[in-house]
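These are the residues of each chain, in order.
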Amino acid sequence: MRVFLSHSSSDKALVEAVYSQLGKDAAWLDRAEIEWGELFLERISEGIENASDFVLFWSSSAKKSDWVRLELNMAFIRMLHERAIRLKVLLLDKTSLPLYLRPFQ
């Protein structure tokens, strides 16, 4: 199992705590996986491609994040076309979920 941790940078402290509990062999976190100078989009795509699970940390900041939206779209592609990834949503605040995310909370 390898979990891709999708989040807004505003929620990074909490997500880093989860990452430290899971460990680098079980989880993918941007700051741990992307080196300075690497192409973010390629590394994020590789992380999602190699993940068995995609966990979205949902908050008001995540709702506004273009990066979170991009990561979520890539995860949906893998889920719908390959049936190769499980999606899960963790609610960090009272921000409403879009209809398409409700089955995954």
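Scroll up a little and you will see the structure.
Residues numbered from 1 in each chain as written. Predicted model: local features only at pLDDT ≥ 70, side-chain atom pairs only at ≥ 80, totals over all residues. Heavy atoms only, no water.

**Section: helix H5 (residues 66–82)**
At step 1: When the terminal C-alpha atoms of H5 are compared, their 24 Å separation across 17 residues agrees well with the 24 Å that a helix rising 1.5 Å per residue should span.
At step 2: Looking at H5, one finds that the buried residues are Val 68, Glu 71, Leu 72, Met 74, Ala 75, Phe 76, Arg 78 and Met 79.
At step 3: Backbone nitrogen of Trp 67 and a side-chain oxygen of the N-cap are separated by 3.3 Å at the start of H5; the cap is Ser 65.
At step 4: A positive backbone phi angle near 50° is found at Arg 83, which sits one or two residues after H5. (Helix = DSSP H or I, 4+ residues; strand = E, 2+ residues; numbered from the N terminus. Expected span 1.5 Å × (residues − 1). Buried < 20%, exposed > 50% of the residue type's maximum accessible area, 1.4 Å probe, protein only. Polar contact = N/O pair within 3.5 Å; in protein donor to acceptor, adjacent residues only side chain to side chain.)

**Topic: the nonpolar core**
At step 1: Counting residues in each nonpolar core, the largest one holds 21 residues, and the members touching the most others are Ile 48, Phe 54, Leu 56, Leu 87 and Leu 101.
At step 2: For this core, the secondary-structure elements that each account for two or more residues are helix H3 (40–49), strand E3 (53–58), H5 and strand E4 (86–91).
At step 3: Among the elements that take part in this core, H5 stands out by supplying six residues, more than any other.
At step 4: Membership of the second largest hydrophobic core comes to eight residues, among which are Leu 5, Tyr 19, Ala 27 and Phe 57. (Core = buried A, V, L, I, M, F, W, Y, C linked by side-chain atoms within 4.5 Å.)

**Let's talk about the pattern of salt bridges**
At step 1: Applying the stated criterion to the full structure yields four salt bridges.
At step 2: In this structure, a network of salt bridges that share partners links the residues Asp 53, Arg 86 and Lys 88. (Salt bridge = Lys/Arg side-chain N within 4 Å of Asp/Glu carboxyl O.)

**A few points about the sheet that holds E3**
At step 1: A sheet is described by the order of its strands in space; here four strands give the open sequence E2-E1-E3-E4, paired in parallel fashion. A single partner strand is all that each edge strand has here, and the edge strands are strand E2 (27–28) and E4.
At step 2: As paired elements, E3 and E4 share six bridges and run parallel to each other. Each residue of the ladder has a partner; that of Asp 53, found in E4, is Arg 86. (Pairing = 2+ DSSP bridges.)

**Overview of the side chain of Glu 71**
At step 1: Looking at where Glu 71 falls in the secondary structure, it is placed in helix H5.
At step 2: Buried Glu 71, no salt bridge; nearest opposite-charge side chain is Lys 12, N-O distance 8.5 Å.
At step 3: If we skip the residues at most four places from it in the chain, Glu 71 touches Phe 4, Ser 6, His 7, Ile 44, Ile 48 and Phe 54. (Lys, Arg positive; Asp, Glu negative; His and termini not counted. Contact = heavy atoms within 4.5 Å.)

**What to know about the packing of aromatic side chains**
At step 1: A full pass over the atoms with the stated rule returns three aromatic pairs.
At step 2: Measuring from ring centre to ring centre gives 5.5 Å for Phe 4 and Phe 54, while their planes differ by 5°; the resulting arrangement is stacked. Taken together, the residues Phe 4 in strand E1 (residues 3–6) and Phe 54 in strand E3 connect sequence positions 50 residues apart.
At step 3: Overall, Phe 4 belongs to the buried group, its relative accessible area being 0%.
At step 4: Phe 54 sits in the buried class, given a relative accessible area of 0%. (Phe/Tyr/Trp six-rings, centres within 6.5 Å; stacked < 30°, edge-to-face > 60°.)

**So, the pairing of E1**
At step 1: Residue alternation in E1 divides its side chains into two sets, Val 3 and Leu 5 and Phe 4 and Ser 6, and both sets are buried.
At step 2: Running through helix H1 (residues 12–22), the crossover from E1 to the neighbouring parallel element E2 is right-handed.
At step 3: Here E1 runs beside E3; their pairing, made up of four bridges, is parallel. For Ser 6, the partnering residue across the bridge sits in E3 and is Leu 56. (Right-handed = clockwise from strand over helix to strand, strands pointing away.)

Note that all results are geometric; they support no functional claim without further evidence.
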